[in-house]
Amino acid sequence: MKQLLTKKPLELVMGDVPQPALQSPGDVLVKIKAAGICGSDVHIYHGTSPVATYPRVMGHEVVGVVAETGPGVNRVKTGDHVIIDQVISCGHCYPCSIGRPNVCCHLNVRGVHVDGGYREYMVADQAALHLLPPELPFADAIMIEPLSIAFQAKARAQITAQDTVLVLGAGALGKSLIKAIQLTGSTVIVADIVEERLNEALRLGAHHAVNASQQDMIAAVRKLTGGYGPTVSIDGAGVADSLAQLAEVTCNAGRVITMAFLDQPSPVAQLKITAKELDIRGSRLQCHKFAEVIAAYRNKQLDLSGLVSHIIPFADAQKAFDMIDAKDPAIQKIVLVFD
Ligand SMILES: [Zn+2]
Ligand SMILES: [Zn+2]
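About the thresholds
- One numbering rule holds for all chains: residues counted from 1, following each sequence as written.
- Chains carry letters and ligands carry numbers; both start at the beginning, A for chains and 1 for ligands, and go up in the order they are written.
- For a predicted model such as this one, the threshold for reporting local features is a pLDDT of at least 70, and the threshold for listing and counting side-chain atom pairs is 80 or more; totals across whole chains, interfaces and linings nevertheless cover every residue.
- As a convention, hydrogens and water are excluded, and side-chain values are obtained from all of the structure's heavy atoms.
- UniProt positions are given in the numbering used here, feature names are shortened, and annotations may be inferred rather than shown by experiment.
- For Na, K and Ca the donor cut-off is 3.2 Å, while for other metals it is 2.8 Å, and in both cases only N, O and S atoms qualify; water is not among them, so sites may look incomplete.
- The geometry test gives tetrahedral to four donors whose angles all lie between 85 and 135 degrees, gives square planar to four donors and octahedral to six donors whose opposite members are over 155 degrees apart with all other angles between 65 and 115, and gives irregular to the rest.
- A run of H or I in DSSP becomes a helix once it reaches four residues, and a run of E becomes a strand once it reaches two; helices and strands are each numbered from the N terminus.
- A simple rule labels every residue: compare its accessible area, found with a 1.4 Å probe on the protein chains alone, to the largest value its type can have, and call it buried under 20%, exposed over 50%, or partly exposed in between.
- Contact between two residues is taken to exist if any of their heavy atoms lie within 4.5 Å; hydrogens are not considered.
- Stacked, tilted and edge-to-face are the three classes applied to pairs of Phe, Tyr and Trp rings, where Trp contributes its six-membered ring and a pair requires centres within 6.5 Å; stacked means planes under 30 degrees apart, edge-to-face means over 60, and tilted covers the rest.
- Placement of a positive charge over a ring is assigned whenever Lys NZ or Arg CZ falls within 6 Å of the ring centre and within 35 degrees of the normal to the ring plane.
- Comment: axis = line fitted to C-alpha atoms, over the contacting stretch for helices; angle = value between 0 and 180 degrees taken between N-to-C directions.
- Roughly parallel means an angle under 35 degrees; roughly antiparallel means over 145; roughly perpendicular covers 65 to 115; every other angle is labelled oblique.
- Each residue receives one of three labels: charged for Asp, Glu, Lys and Arg, nonpolar for Ala, Val, Leu, Ile, Met, Phe, Trp, Tyr, Cys and Pro, and polar for the others, Gly being one of them.
- The pairing criterion for strands is at least two bridges between them, as found by DSSP.
- Domain delimitation in this document rests on an assignment produced automatically or drawn from a domain database.
- Simply put, the buried area is the total loss of 1.4 Å probe accessible area from both parts when two parts are fitted together.
- One speaks of a salt bridge when a side-chain nitrogen belonging to Lys or Arg is within 4 Å of a carboxyl oxygen belonging to Asp or Glu.
- Polar contact criterion, stated in full: a pair of N or O atoms within 3.5 Å, where within protein one must be able to donate a hydrogen and the other to accept it, and residues adjacent in sequence count only if both atoms are side-chain atoms.

As annotated in an unreviewed UniProt entry, the chain is Putative zinc-type alcohol dehydrogenase-like protein YjmD from Sporomusa termitida. The Cofactor (unreviewed entry) comment attached to the chain in UniProt states, word for word, "Zn(2+)". The record held by UniProt for the chain lists under Sequence similarities (unreviewed entry) the comment "Belongs to the zinc-containing alcohol dehydrogenase family."

Spelled out as structure tokens, the structure:
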């Protein structure tokens, strides 16, 4: 089978390797049909991921068809359409013991710490597979993964209809956040520096847009919230000063959610956190959110179409990464598709 190996940063090698074999009774062989390219894959490709190891087969947004099942498999059958959960946890550590395997002390993430889905076949334990509605196109089904990341942030922020939520950044992550948060009935404010992104965010359900290149973001958001600030703010931008800005703008007793893997320090005055009793919470990957996203799709609350901008054959994966490096503004989401 063909696999795309990132031998080291900036070196992709398309090669022929043996198809993986089932190892345990609960294992499932999945024929990959589509794999998304995410911002974190681009970081791994560039060598700027603080967590990835090399050589690595990237790809954590992965859907396919069940090709073979081990003797102990009872959750899926040959021919089922599935999405593969990227989180592999130990099941024994403190986070695992309290139901938070996405931050397992011995966490492995497919496509980051172990090989992912930029290959024609993959083996995974049946527990990692979630059934897809068969009518859902594979390229659209990819979006379940980024939406699960947004659902995790929504859960970490404990958003209710009472909340006013500031989403900082209206890029790919920001758009997924808006889609997830608008299901809560809360008021959504989005801030970005690109007008087209803000217009798209409004189209997706945000109530207010703030162009931070034209006005003072903090002052504008305060004005929209009666001077109090949002009750929840989520950093979907992940730039150096975003945490400090969100700590500044968020209402007393509010929640600030971080999502970036930024390893440079962000200066935040402790006074802001203490005096306002802010909860600053990280949100990483997702915990049991695939099922929630798929249920929201099935209930017609969540539209998965129209988010993928480019569909490219897996054989042309290098071209896809070159397009991303060329920073074509038309690129929203690239999905690699397999025969
Ligand atoms: Zn991702
Ligand atoms: Zn664990």
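The discussion continues.
Further remarks concern the coordination of the zinc ion (ligand 2). By definition of the ideal shapes, a tetrahedral metal site with four donors has angles of 109.5 degrees and an octahedral site with six donors has angles of 90 or 180 degrees. Taken together, C90 (SG), C93 (SG), C96 (SG) and C104 (SG) make up the full set of protein donors to the zinc ion (ligand 2), lying 2.3 to 2.4 Å away. Coordination geometry of the zinc ion (ligand 2): the four donor atoms subtend angles of 102 to 121° at the metal centre, consistent with an arrangement described as tetrahedral. All donors of the zinc ion (ligand 2) belong to a single chain; written as a sequence motif, their spacing is C-x2-C-x2-C-x7-C. Highlighted residues: C93 in the loop between β6 (87–88) and α2 (94–97) and C104 in the loop between α2 and β7 (108–109), separated in sequence by eleven residues. Residues C93 and C104 agree in their burial class; the two are buried.

Let us now look at the coordination of the zinc ion (ligand 1). Protein ligation of the zinc ion (ligand 1) involves C38 (SG) and H60 (NE2), the donor distances falling in the range 2.1 to 2.3 Å. With a gap of 22 residues between them, C38 in the loop between β3 (27–37) and α1 (39–46) and H60 in the loop between α1 and β4 (62–69) connect regions that are remote in the sequence.

Attention now goes to the environment of E200. Looking at the element boundaries, E200 is found in helix α6 (residues 195–204). Given the relative accessible area of 21%, E200 is considered partly exposed. Each C-alpha atom of the pair E200 and A170 lies 8.3 Å from the other, and the pair is 30 residues apart in sequence.

Let's shift gears to helix α5 (residues 172–181). Of all ten residues making up α5, eight are buried, and the element is well covered by its neighbours. Restricting attention to buried positions, one finds in α5 the residues G174, K175, S176, L177, I178, K179, A180 and I181. In this structure, the buried residues of α5 make contact with α4 (144–156), β10 (164–168), β11 (187–192), α6 and β13 (232–235).

Here we come to the packing of aromatic side chains. Counted by the stated rule, this structure contains three aromatic pairs. Between Y118 and F321, the aromatic rings sit 6.4 Å apart at their centres with planes inclined by 70°, giving edge-to-face as the arrangement. Residue Y118 is located in the loop between β7 and β8 (121–125), and its partner F321 is located in helix α11 (residues 317–325); the two are separated by 203 residues in the primary sequence. Neither residue differs from the other here; Y118 and F321 are each classed as buried. On the numbers, 4.3 Å between centres and 20° between planes, the contact of F314 with F338 is stacked. Of this pair, F314 sits in the loop between β16 (310–313) and α11 while F338 sits in the segment after β17 (334–337), placing them 24 residues apart in sequence. Residue classification places F338 among the buried positions, given a relative accessible area of 10%. Taken together, the aromatic side chains of Y45, Y118 and F321 make up a single cluster linked through ring pairs. In this structure, K154 packs its charged tip against the face of F151, placed 4.5 Å from the ring centre.

UniProt tags residues 15–336 as "domain: Enoyl reductase (ER)" (unreviewed entry). The span residues 15–336 is 28% helix and 22% strand, and its two end C-alpha atoms sit 16 Å from each other.

Next up on the list: the packing of α1 against α11. Between two packed helices, both the angle of their axes relative to each other and the distance between the axes serve to describe the pair. With their axes 11 Å apart at the nearest point, α1 and α11 run at an angle of 95° to one another. Taken together, α1 and α11 sit at an angle that is classed as roughly perpendicular. Touching D41, V42, Y45 and H46 of α1 are Q318, F321, D322, I324 and D325, all from α11. Class assignment of the residues belonging to the contact of α1 with α11 gives a composition of four nonpolar, two polar and three charged.

Summarising the sheet, β3 and β17 pair through four bridges and their orientation is antiparallel. What sits directly across from A35, in β17, is L336. One ladder, built from four bridges, connects β16 with β17; its direction is parallel. The residue of β17 that forms the bridge with I311 is V335.

Many authors give the size of an interface as the accessible area that is lost as the parts come together. Taken domain by domain, the chain holds domain 1 (2–143 + 304–337) and domain 2 (149–282). If you average the C-alpha positions of domain 1 and of domain 2, the two centres end up 29 Å apart. Listed by partner, the interface residues are seven residues for domain 1 and eight residues for domain 2. Overall, the association of domain 1 and domain 2 removes approximately 630 Å² of surface from exposure, summing both partners, and the carbon and sulfur fraction of that is 51%. Looking at the side of domain 1 facing domain 2, the largest losses of area belong to P50, L307 and Q332, adding up to 53% of the total buried there. Across the contact surface, domain 1 and domain 2 share zero salt bridges. Remark: the boundary between domain 1 and domain 2 carries one residue pair in polar contact (both at pLDDT 80 or more). The class makeup of the residues in the side of domain 1 that touches domain 2 is three nonpolar, three polar and one charged.

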